[in-house]
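Listed here are the chains, written in short residue letters.
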Amino acid sequence: QVQLAESGGGLVQPGGSLRLSCAASRSNISTYVMGWYRQTPGKQRELVASITLGESANYADSVKGRFTIAKDNAKNTVYLQMNSLKPEDTAVYYCKARHFRGGMDYWGKGTLVTVSE
């Protein structure tokens, strides 16, 4: 079982940057496909970025060129560097893990990102 804890959210002005962290406990993320998702009220949770075991990254079109996902297997942590933030990036951001052999998804509790003047 994997326990995930997100951090790094907050209030930032448009054009600013934030780095989110997702710390995993009780497991080794090197065997998990990790992802960042976000959700706003009344909308479905959407994929922002994911990273495979081989560290191949995939991004939503809306964040390509602005967000970067990375992981540090030694620290059991996944990061989401968010640059050039826009008001439409405002959401609760969640971290997800799924073992590379499949099975259930593990989710963190989320961290709120607000992009506003």
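See the structure printed just above.
No experiment lies behind these values; they were computed from the predicted model shown. (Residues numbered from 1 in each chain as written. Predicted model: local features only at pLDDT ≥ 70, side-chain atom pairs only at ≥ 80, totals over all residues. Heavy atoms only, no water.)

Draft legend 1. Molecular detail of the packing of aromatic side chains. As enumerated under the stated definition, the model contains two aromatic pairs in all. Aromatic pair Tyr-37 and Trp-107: ring centres 5.0 Å apart, planes at 70 degrees, arrangement edge-to-face. One end of the pair, Tyr-37, is in strand 4 (residues 32-39); the other, Trp-107, is in strand 10 (residues 106-107), and 70 residues separate them in sequence. Of the residues examined, Trp-107 reaches a relative accessible area of 34% and is grouped as partly exposed. Summarising the aromatic geometry, the rings of Tyr-94 and Trp-107 are spaced 6.5 Å apart at their centres and angled 85 degrees between planes, so their arrangement reads as edge-to-face. With a gap of 13 residues between them, Tyr-94 in strand 9 (residues 91-99) and Trp-107 in strand 10 connect regions that are remote in the sequence. Clustering of aromatic rings is evident, with ring pairs tying together Tyr-37, Tyr-94 and Trp-107. (Phe/Tyr/Trp six-rings, centres within 6.5 Å; stacked < 30°, edge-to-face > 60°. Helix = DSSP H or I, 4+ residues; strand = E, 2+ residues; numbered from the N terminus. Buried < 20%, exposed > 50% of the residue type's maximum accessible area, 1.4 Å probe, protein only.)

Any link to function would need more than the numbers given here.
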